[in-house]
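For reference, the chains in residue letters:
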Amino acid sequence: MLSSSSSSILYTGGLPIIKRRSISPSVFKEDHQCVLPDQLPSLIDKCKSLTQLLQIHASLIRRGLDHHNQLLTFKLLRSYSSLGRLHYSISLFDQTQNPDVFFYTAIIHAHSLNNLHSQAFNFYVRMLRDGIEPTEYTFSSVLKSCPFRAGKEIHAQAIKFGVVSKSSNMYVVTALVNVYGKGGDLESARQLFDKMPDRSLVSLAAMISIYAKHGDVDLAWKLFDEMPEKDVVCWNVMIDGYAQHGRPNEALELFRKMLMDQMRPNEVTIVAVLSACGQLGALESGKWIHSYIMNNKVHLNLQVGTALVDMYSKCGSLEDATIVFDTIDNKDVVAWNSMILGFAMHGFLKDVFRMFVDMTRIGIRPTDITFIGILNACAHSGAVSDGWKFFRMMKDKYKIEPKIEHYGCMVNLLGRAGHLDEAFELVKGMDIEPDLVLWGTLLNACRIHHKIGLAEEILKNLGNSSSGSYIMMSNMYASSGNWDEVARTRAAMKGNGIVKEPGCTSIEVGNKVHEFVASDTRHPKRKEIYEMIEEMNGWLKGFDEYSPKTEIVLHNIDETEKRRSLEVHSEKLAIAFGLISTERGTTIKIFKNLRVCSDCHDVTKILSKITGREIIVRDRSRFHRFENGLCSCGDYW
Ligand code: ZN
Ligand code: ZN
């Protein structure tokens with residue numbers, strides 16, 4: 001039974017005062033047996049369910065305790081919001097006479113927890129208007145909710161109220177670091193961070209995550225590496241940072257290191273590392289992570305399932321993607337989209353249509369991403385009338401305004417199918433400003449169909465340019481042998497600080513991803529690789545149908561040099577390495593970061609015939625499956 005004396009908190013309207021007092025144990029027996037009034041606050045705090053909380057609240061009302069005890073009201077307010085009943089909290093707040101800083105802080109905190117940021121901010125403003133001084137807790141709550149500019153003002157107020165001073169409050173400063181980080185002011189964020197007397201795991205994770213999100217992965221790594229202890233959140237931020245900023249290989253390596261450090265990954269880690277595998281096309285690593293999930297009972301939730309589907313389709317295994325997809329319960333539109341994008345990438349138009357029918361039949365509403373998948377699939381198959389059908393359906397039936405990407409798919413579809421005038425009309429009639437990528441797509445189609453006149457008309461419309469259209473321009477001039485113009489375009493590119501994204505091909509062999517750029521000599525097996533290249537050249541010579549596509553070489557060099565530069569494209573180096581380091585008869589899978597060039601496409605077809613190997617090439621836009629001299633794209637890509 002309860003002792004006659006226990007400690008309690010008396011709420012006096014100002015600061016809570018701890019006071020010991022004695023109570024006779026007989027007063028509150030009817031509802032909650034033997035509950036003493038001073039136990040009520042902790043009883044409220046311990047409430048795990050809404051029903052319990054409502055019962056206690058009801059009994060307080062019956063005893064007439066609800067209006068007189070501010071501490072109880074305060075506890076109720078907090079508990080309701082933590083149990084997801086914010087509107088009860090708000091009405092308790094509204095009934096409170098002269099709410100003080102604790103009430104205000106609680107209601108601000110409740111709103112920012114529920115992502116109701118502008119309401120949280122409004123309560124803060126109201127509080128200042130009531131002449132109540134914020135505390136450090138108020139600041140750390142409201143800072144979670146304020147936009148960048150308001151955050152800077154609140155920073156100034158925090159200084160004024162003495163909350164941020166020499167003995168800075170860690171929570172407030174961490175919240176400020178986040179405000180500056182979100183606003184993209186990394187320098188101020190770092191300055192605040194550096195001035196912190198103590199760094200908690202939370203503040204370190206905040207700074208690492210800011211760097212990682214803004215692509216400063218090296219700075220993030222520096223902090224991460226120096227951390228004496230890392231929790232799973234830090235590992236996740238770092239792995240995701242690498243995966244999202246074009247360094248998937250490092251993401252995968254870090255994941256392996258995480259396991260070696262006996263750190264248990266969670267669903268977030270798995271989603272990040274699967275994305276890295278997908279980017280690398282590292283099927284073996286992806287499968288290994290899948291079996292890790294199974295063996296270690298990582299919850300295969302909707303996000304993990306979707307990430308697996310995405311990984312498998314990007315790694316070229318639609319079979320596995322479909323198997324995982326079928327096991328996902330209550331699939332949302334993101335899951336459906338990842339399967340549709342998977343089929344689209346492989347050029348399986350019929351499956352894309354089937355998926356669309358299936359998903360809409362069960363009431364899943366397609367999104368703009370769904371249509372990007374469908375239109376892409378149409379573009380890969382030259383399905384012009386289907387493309388128009390879905391483009392119109394998107395606008396008319398689903399009220400989705402086409403974005404630049406949808407126009408891009410349509411222009412690609414129409415352009416490749418030779419409907420260039422139609423494509424040009426579409427671009428001219430757009431409600432949004434066409435970007436350079438879109439013009440580049442159209443220019444590329446002009447190049448394929450030798451429409452120099454239209455290309456020049458487009459180029460005239462383009463003033464300042466991006467790397468894409470510059471490259472397109474030099475392409476155009478180079479293929480017509482106009483080397484003066486090529487040189488001029490290149491000089492303009494350099495002058496504008498534009499760098500062409502280097503082509504890079506990767507291949508996974510023996511659980512390691514090997515990357516190659518053109519004429520690469522960094523690989524430890526370079527000698528064997530170049531011997532294989534020579535052997536490949538020998539085979540090609542015996543093939544009358546093959547003639548090197550030297551017209552795609554954009555340098556004014558002689559024919560022999562042009563041939564030589566084609567021979568050492570990154571795709572060919574990766575295939576050569578694949579041939580010497582994998583078993584006879586096995587499939588070779590390579591991944592190119594840009595579109596595969598037409599010479600490499602021709603050569604890969606021939607190699608698949610000569611070696612009897614299936615060769616799968618994933619480039620920026622789709623999968624090509626080469627078998628016995630033919631490609632699954634039907635030379636249409
Ligand atoms: Zn090539
Ligand atoms: Zn192909």
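See above for the structure.
Residues numbered from 1 in each chain as written. Chains lettered and ligands numbered in written order. Predicted model: local features only at pLDDT ≥ 70, side-chain atom pairs only at ≥ 80, totals over all residues. Heavy atoms only, no water.

Q: Teacher, can you tell me more about the overall build of the protein here?
A: Check the secondary structure of the protein and you find 32 helices and 8 strands. Within the protein, the fraction of its 637 residues that count as buried is 48%. A separation threshold of at least 6 residues defines the contact pool for the protein, and within that pool the share at least 24 residues apart is 61%. Of the roughly 31,500 Å² of accessible surface on the protein, a fraction of 52% belongs to carbon and sulfur atoms. (Helix = DSSP H or I, 4+ residues; strand = E, 2+ residues; numbered from the N terminus. Buried < 20%, exposed > 50% of the residue type's maximum accessible area, 1.4 Å probe, protein only. Contact = heavy atoms within 4.5 Å. Areas by Shrake-Rupley, 256 points an atom, 1.4 Å probe, with all protein chains shown as cover.)

Q: In this structure, what is going on with the environment of E551? I would like to understand it.
A: Residue position: E551 is located in the loop between α29 (526-541) and α30 (559-567). Classification of E551 by relative accessible area gives partly exposed; the value is 42%. Sequence-wise, E551 and K562 are 11 residues apart; in three dimensions their C-alpha atoms are separated by 8.5 Å.

Q: Sorry if this is basic, but what is going on with helix α21 (residues 368-381) here?
A: The periodicity of an α-helix, 3.6 residues per turn, causes residues three or four positions apart to be oriented the same way. Between its terminal C-alpha atoms α21 stretches 20 Å, which fits the 20 Å expected from 14 residues at 1.5 Å a residue. Burial within α21 is extensive, with 11 of its 14 residues counted as buried. Of the residues making up α21, those classed as buried are D368, T370, F371, I372, G373, I374, L375, A377, C378, A379 and H380. Just downstream of α21, G382 is the residue with a positive phi angle, here 70°. (Expected span 1.5 Å × (residues − 1).)

Q: Is there a simple way to think about the coordination of the zinc ion (ligand 1) in this case?
A: Note on metal sites: the ideal angle is 109.5 degrees for four tetrahedral donors, and 90 or 180 degrees for six octahedral donors. Of the protein atoms, only H569 (ND1), C597 (SG) and C600 (SG) coordinate the zinc ion (ligand 1), at distances of 2.1 to 2.2 Å. If you list the donors of the zinc ion (ligand 1) from N- to C-terminus, the spacing comes out as H-x27-C-x2-C. Taken together, the residues H569 in the loop between α30 and α31 (570-581) and C600 in helix α32 (residues 598-611) connect sequence positions 31 residues apart. Comparing H569 with C600, the two get one shared label, buried. (Donors = N, O, S within 2.8 Å, 3.2 Å for Na, K, Ca; no water.)

Q: Before we go on, may I ask you to explain the pairing of strand β6 (residues 615-618) in this structure?
A: Each regular strand carries side chains that alternate between the two faces of the sheet. By the alternation rule, side chains of β6 split into I615 and V617 and I616 and R618, which are all buried. As defined by bridge partners, strand β5 (residues 588-592) adjoins β6 across 4 bridges and the pair is classed as parallel. Each residue of the ladder has a partner; that of K589, found in β6, is I616. At this point the chain moves from β5, through α32, to the parallel β6, and the crossover so formed is right-handed. By the bridge criterion, 4 bridges tie β6 to strand β7 (residues 623-627) in an arrangement that is antiparallel. Along β7, the bridge assignment pairs R618 with F623. Between β6 and β7, which pair antiparallel and follow one another directly, the connecting turn spans 4 residues. (Pairing = 2+ DSSP bridges. Right-handed = clockwise from strand over helix to strand, strands pointing away.)

Q: I tried to follow α29 on my own but got confused; where do I start?
A: An ideal rise of 1.5 Å per residue puts 22 Å on 16 residues; α29 measures up with 23 Å between its terminal C-alpha atoms. Residues of α29 that are buried include every one of I529, Y530, M532, I533, M536, N537 and L540, and no others. All buried residues of α29 fall inside an arc of 155° around its axis, so they share one side. Turned more than 90 degrees off the buried face of α29, the exposed positions are K527 and K541. On its buried side, α29 packs onto β4 (512-517), α30, α31 and α32. (Arc of directions from axis to C-beta.)

Q: Just checking my understanding: could you explain the coordination of the zinc ion (ligand 2) for this structure?
A: With distances of 2.0 to 2.3 Å, the protein atoms coordinating the zinc ion (ligand 2) are H601 (NE2), H624 (ND1), C631 (SG) and C633 (SG). Every donor counted, the 4 donor atoms about the zinc ion (ligand 2) form angles of 104 to 116° at the centre, which fits tetrahedral coordination. Within one chain, the residues serving as donors to the zinc ion (ligand 2) are arranged as H-x22-H-x6-C-x1-C. Taken as a pair, H601 in helix α32 and H624 in strand β7 lie far apart in primary sequence, 23 residues in all. (Tetrahedral: all angles 85-135°; square planar, octahedral: opposite > 155°, others 65-115°.)

Q: Looking at this structure, I do not really get the nonpolar core. What am I missing?
A: One broad trend across soluble globular proteins is that nonpolar side chains are buried collectively. One finds I270, I289, F371 and L442 to be the most contacted residues of the largest nonpolar core, which totals 151 residues. Shared between two domains, this core takes at least three residues from each, and those domains are domain 1 (7-176) and domain 2 (199-317). When residues no more than four places from it in sequence are discounted, the contact partners of I270 are F255, I289, Y292, I293, V298 and V304. (Core = buried A, V, L, I, M, F, W, Y, C linked by side-chain atoms within 4.5 Å. Domains from an automatic or database assignment.)

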